[in-house]
Amino acid sequence: MHFGAIGRVPGDPILGLMEAYAKDSNPQKFDLGVGVFKDEQGLTPIPAAVKHAEQRLLDRQTSKSYVGGHGDADFGRLISELVLGNGSPLLADKRVGATQTPGGTGALRLAAEFIAHCLPGRGIWLSDPTWPIHETIFATAGLKVSHYPYVGTDNRLNVAGMLEALEAAPVGDVVLLHACCHNPTGFDLSQNDWRAVLEVVRRRQLLPLIDFAYQGFGDGLEEDAWAVRLFASELPELLITSSCSKNFGLYRDRTGALLVCTHDAEKLLDVRSQLALLARNLWSTPPDHGAAVVAEILGDAMLKKLWSEEVEAMRQRIAELRVGLVEALAPHGLSERFAHIAAQRGMFSYTGLSPEQVRQLRERHSVYMVGTGRANIAGADAARLGALAAAIADVCR
Ligand SMILES: Cc1ncc(COP(=O)(O)O)c(C=O)c1O
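Now for a quick tour of the structure. (Residues numbered from 1 in each chain as written. Predicted model: local features only at pLDDT ≥ 70, side-chain atom pairs only at ≥ 80, totals over all residues. Heavy atoms only, no water.)

So, about the site of the ligand. What surrounds the ligand is a group of 13 residues, the closest being Thr105, Asp211, Tyr214, Ser243 and Ser245. In the environment of the ligand, an oxygen atom lies 2.7 Å from a nitrogen or oxygen atom belonging to the side chain of Ser243. Coverage of the ligand by the protein chains reaches 90% of its 390 Å² of free accessible surface. By residue number, the principal contributor to the shell around the ligand is helix 5 (residues 103–118), which donates four residues. (Near = heavy atom within 4 Å. Polar contact = N/O pair within 3.5 Å; in protein donor to acceptor, adjacent residues only side chain to side chain. Areas by Shrake-Rupley, 256 points an atom, 1.4 Å probe, with all protein chains shown as cover. Helix = DSSP H or I, 4+ residues; strand = E, 2+ residues; numbered from the N terminus.)

Written out as structure tokens, the structure reads:
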């Protein structure tokens, strides 16, 4: 037997949560677990701009032959403009290149391989806590993974601790930063905090890898890019992973990019030659459909406007749910205790609820969230915020 010694590993806890939610027969249940945007009806919609673009592709496409190793050049240019801004000098100077990847996860995996192969010996610093897949992607690529404090047991952002840890990081190490809508906590750095991080990064000659998975879900498409653009304009070299899963609703079409910024155009060609080789070993050439949809939207003024409005509507829904939930907690005397929910950004919230309270919420009220107390606020619906607040109040008694 070849497979006899292979044991079983536990599945992703969020998938287990999804299964338990699906089996729950309570019609008043809440799914605040899985990290996808949901509308008021609990559906994860396909944006109308995506539908239009798909129809155009269907009518026009004559081949499904391979795209190149870096993917579609139009997609690469347009996603670089979306991330860095149309007028970015990096674009004019040809100091930025995008490699199309299977989602933001693919971009992170490619970045991990790039660091392991082309920058050997560099460790990577992740926020504590961070998206659990960050931990495994970089460890799997053989990198030494360290952590900087981010949100402590008091459920507050710990910028001083973060800066202190990065100050002590070995020169040349990589630091992974969440551009906006920090997953899992929802706590984002202020502009002053970002400037302080930039100074440490410069002083310690760290290489930032900025994970940009939620552009448009925080304060707006342009606003959310502020820190990325600051770092791109102030530093000679930078890695950025961009995901189109959430803001384009293209989750299963696996659409993303790894953007590399270099100090000159010549170096970009060197780096891109390496990335093409690494990507070839990982997935050969990237999936096309989602990227073709994104290029169709971003390259067309009418579709881009429609899409921007749809992203803004998603963003506003989340912002309103955050404020609404805190208001609904007020009659229970809990609005101050949970005020941070309205201040956080993106879909996720570290609520501050304990694992025991999370368990009680699930067992007594069919409210499903991750054991750490992370709730996907976009999984709630405005019409039932009163019921959700009452359930939270019940387990806080
Ligand atoms: C922080 C973060 N980075 C990257 C991703 C990658 O998303 P995808 O691979 O679906 O594009 C996610 C998705 O949940 C995320 O939360």
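From this point, things continue past the structure.
This paragraph deals with the sheet that holds strand 6 (residues 207–212). In space, the seven strands of this open sheet follow the order 2-8-7-6-5-3-4, with mixed pairing throughout. Every interior strand has two partners, whereas the edge strands, strand 2 (96–101) and strand 4 (145–149), have only one. Along the sheet, successive strands turn relative to each other by an average axial angle of 25°, direction set aside. For strand 7 (residues 238–243) and strand 8 (residues 256–261), the ladder comprises six bridges, and the chain directions are antiparallel. Directly across from Thr241, in strand 8, lies its bridge partner Leu258. (Pairing = 2+ DSSP bridges. Axes fitted to C-alpha atoms, helices over the stretch in contact; angles between N-to-C directions.)

A few words now on the packing of aromatic side chains. Geometrically, a pair of aromatic rings is defined through the distance of the ring centres and the angle of the planes. Applying the stated rule across the entire model yields six aromatic pairs. Between Phe37 and Phe217 the ring centres are 6.1 Å apart and the planes differ by 70°, which places this aromatic pair in the edge-to-face class. With Phe37 in the loop between strand 1 (30–31) and helix 2 (48–60) and Phe217 in the loop between strand 6 and helix 9 (226–234), this pair connects stretches of sequence that are 180 residues apart. What makes Phe37 buried here is its relative accessible area of 4%. When the ring of Tyr214 is compared with that of Phe348, the centres are 6.0 Å apart and the planes differ by 90°; the resulting orientation is edge-to-face. (Phe/Tyr/Trp six-rings, centres within 6.5 Å; stacked < 30°, edge-to-face > 60°. Buried < 20%, exposed > 50% of the residue type's maximum accessible area, 1.4 Å probe, protein only.)

A word on the state of the cysteines. Inspection of the entire model under this criterion finds zero disulfides. Unpaired in this structure, Cys181 has its nearest cysteine sulfur neighbour in Cys180, at a distance of 3.7 Å. Left without a disulfide partner, Cys261 is nearest to the cysteine sulfur of Cys244, which lies 16 Å away. (Disulfide = S-S within 2.5 Å.)

Function cannot be inferred from these measures alone, as they are strictly geometric.
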